[in-house]
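# Coordinates in review
Here are the chains, one letter per residue:
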Amino acid sequence: MPKIHPSAIVSDGAELDDSVEVGPFCFVGPNVRIGAGSRLLGHCNIDGHTTLGRNNVIHPFAALGQPAQDHAVVEGEATYLNIGDSNIFREGCTIHTGTKPGSETRIGSRNMFMNATHVAHNCIVGNDVIYVGYAGTAGYCEIFDNVLISGLVGIHQFCRVGRFAIISGGSVFSKDIPPFMMAEGRNGGVKMINKVGLQRAGFSTETISVIKQIFRIYYRSGLIPTNALERIRTELPQIPEVREFIHFCETSKKGVISAQVEGHRS
């Protein structure tokens, strides 16, 4: 049987693996499913149609599966939050279910959501993502794998942040941030590539060199985006990272952020 503290409330209908631990003063709603090895440390609230995978850790005052903060929510209609494995939800973080009936918010695996971070309704968060304290993404955002969102960052609804991108602290963006880049400012721009992150992830020197060339063509050549992408397509080796960058930019609906003009580095 799950290990449930006497002061915790686990509603009838909730499904908990036998190895789950529920600490003091936690609340688990009737439509919640929690996988093996997950731990609720205390004073946390998991509600809604929420599914957690294996080995997730939820710290005090985190709230997962609450209704979306959106007037489109229809009371009594099911919306969902689906969470993968081995995520860490620190103190006071909030992640909401989808807004329209039957819709979902989706979180991958091995992510860390630090204190007071927020993921709004219908967002998709990949794997190995880090939200630093007080960072938040509005509704319908898509955060790709291995993204680092620094503290106090705000991302507008429907925006995307590409794989291995990094956003500097205190930044606010309402456009897409392409993969492998470092961005900062209030709709500021790309500062440089995420070189340190790529090196730590094991990208080869040759691949990082090509990504630098992407940066120089797209952000430093003075070409308009369509012409820059065509030059990237014709002049650079079409390794997966090049194709990924091109596809990300060409499928953007919000538009891709521009270059950082002041104090840039190449």
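Look up: the structure comes first, before these words.
Description of the structure in this document. Computed from a prediction, not measured in an experiment: that's the story for all the values here.

### Looking at helix H4 (residues 240-250)
Listed as buried for H4 are Glu-241, Val-242, Phe-245, Ile-246, Phe-248 and Cys-249. Take H4 and look down its axis: the buried residues cluster within an arc of 160°, on one side only.

### What to know about the environment of Gly-222
For Gly-222, the location among the structural elements is in the loop between helix H2 (205-220) and helix H3 (225-235). Distance from Gly-222 to Ile-239, taken between C-alpha atoms, is 24 Å for residues 17 residues apart in sequence.

### Regarding the packing of H3 against H4
Where H3 contacts H4, the two axes come as close as 10 Å, and the packing angle between them is 160°. Viewed along their axes, H3 and H4 adopt a mutual orientation that is roughly antiparallel. The way H3 lies across H4 gives a crossing that is left-handed. Facing H3, whose interface residues are Leu-229, Ile-232 and Arg-233, H4 presents Val-242, Phe-245, Ile-246, Cys-249 and Glu-250. Class assignment of the residues belonging to the contact of H3 with H4 gives a composition of 6 nonpolar, no polar and 2 charged.

### A short note on the environment of His-118
With respect to the helices, strands and loops of the structure, His-118 is situated in strand E17 (residues 118-119). Distance from His-118 to Tyr-131, taken between C-alpha atoms, is 8.6 Å for residues 13 residues apart in sequence. When residues no more than four places from it in sequence are discounted, the contact partners of His-118 are Gln-69, Thr-94, His-96, Tyr-131, Ala-135, Gly-136 and Thr-137. Of the polar contacts made by the side chain of His-118, one reaches the side chain of Thr-94; its length is 2.7 Å.

### Looking at the pattern of salt bridges
Across all of its chains, the model carries 9 salt bridges by this definition. With a shortest N-O distance of 2.9 Å, Arg-90 and Glu-91 are connected by a salt bridge. Given a relative accessible area of 29%, Arg-90 falls into the partly exposed group. For Glu-91, a relative accessible area of 31% translates into the label partly exposed. Salt-bridge contacts for Arg-106 lead to Glu-104; the nearest nitrogen and oxygen are separated by 2.8 Å.

### Describing the packing of aromatic side chains
What the rule picks out here adds up to 9 aromatic pairs. When the ring of Phe-144 is compared with that of Phe-248, the centres are 5.8 Å apart and the planes differ by 70°; the resulting orientation is edge-to-face. Placement of the pair is Phe-144 in the loop between strand E21 (142-143) and strand E22 (148-149) and Phe-248 in helix H4, with a sequence separation of 104 residues. Classification of Phe-144 by relative accessible area gives partly exposed; the value is 25%. Pairwise contacts between aromatic rings join Phe-215, Tyr-218, Tyr-219 and Phe-245 into one cluster.

### What to know about the side chain of Ser-38
Of note, Ser-38 is situated in the loop between strand E6 (33-34) and strand E7 (39-40). Of note is the side chain of Ser-38, whose polar atom sits 3.1 Å from the backbone nitrogen of Asn-56. Setting aside anything within four residues of it in sequence, one finds Ser-38 in contact with Ser-19, Val-20, Glu-21, Gly-53, Arg-54, Asn-55 and Asn-56.

### Describing the pairing of strand E28 (residues 189-193)
Counting buried residues in E28 gives 5 out of 5 residues, a clear majority hidden from the surface. In terms of strand pairing, strand E27 (residues 181-184) meets E28 through 4 bridges, oriented antiparallel. Bridge pairing links Glu-184 to Gly-189 in E28. The hairpin formed by E27 and E28 contains 4 residues between the paired strands, and Gly-185 there has a positive phi angle of roughly 105°.

### Brief notes about the sheet that holds strand E23 (residues 154-155)
In spatial order, the strands read E2-E5-E8-E11-E14-E17-E20-E23-E26; together these 9 strands make up an open sheet with parallel pairing. Looking at strand neighbours, the two that pair on one side only are strand E2 (9-10) and strand E26 (172-173), the edges of this open sheet. Judged from the 2 bridges that link them, strand E8 (residues 45-46) and strand E11 (residues 63-66) form a sheet pairing that is parallel. Bridging from a neighbouring strand, Ile-46 pairs with Leu-64 of E11.

What counts and what doesn't
Throughout, residues of each chain are indexed from 1 in the direction in which the sequence is written. In keeping with the model being predicted, local features are shown solely for residues with a pLDDT of at least 70 and side-chain atom pairs are shown and tallied solely at 80 or more, while totals for entire chains, interfaces and linings include all residues. Derived side-chain values reflect all non-hydrogen atoms in the structure, with water molecules and hydrogen atoms excluded from consideration. Only protein chains enter the accessibility calculation, which uses a 1.4 Å probe. A residue is then buried if its area is under 20% of the maximum for its type, exposed if over 50%, and partly exposed in between. Segments assigned H or I by DSSP are reported as helices when at least four residues long, segments assigned E as strands when at least two residues long, and all are numbered from the N terminus. Our arc is simply the arc of the directions from the helix axis toward the C-beta atoms. Angular values range over 0 to 180 degrees, each being the angle between N-to-C directions of two axes fitted as lines to C-alpha atoms, with helices fitted over their stretch in contact. The cut-offs work like this: below 35 degrees is roughly parallel, past 145 is roughly antiparallel, 65 to 115 is roughly perpendicular, and the gaps in between are oblique. Left-handed describes a crossing whose near helix is turned anticlockwise from the far helix through less than a right angle; right-handed describes the clockwise counterpart. The criterion used for residue contact is that any of the two residues' heavy atoms lie within 4.5 Å. Residues are grouped as follows: Ala, Val, Leu, Ile, Met, Phe, Trp, Tyr, Cys and Pro are nonpolar; Asp, Glu, Lys and Arg are charged; all remaining types, including Gly, are polar. By the criterion applied in these results, polar contacts are pairs of N or O atoms within 3.5 Å in which, for protein atoms, one can donate a hydrogen and the other can accept it, and in which residues neighboring in sequence qualify only through two side-chain atoms. We count a salt bridge whenever a side-chain nitrogen from Lys or Arg sits within 4 Å of a carboxyl oxygen from Asp or Glu. The rule is short: rings of Phe, Tyr and Trp, with Trp giving its six-membered ring, pair when the centres are within 6.5 Å, and they are stacked under 30 degrees, edge-to-face over 60, tilted in between. A pair of strands counts as paired when DSSP detects no fewer than two bridges linking them.

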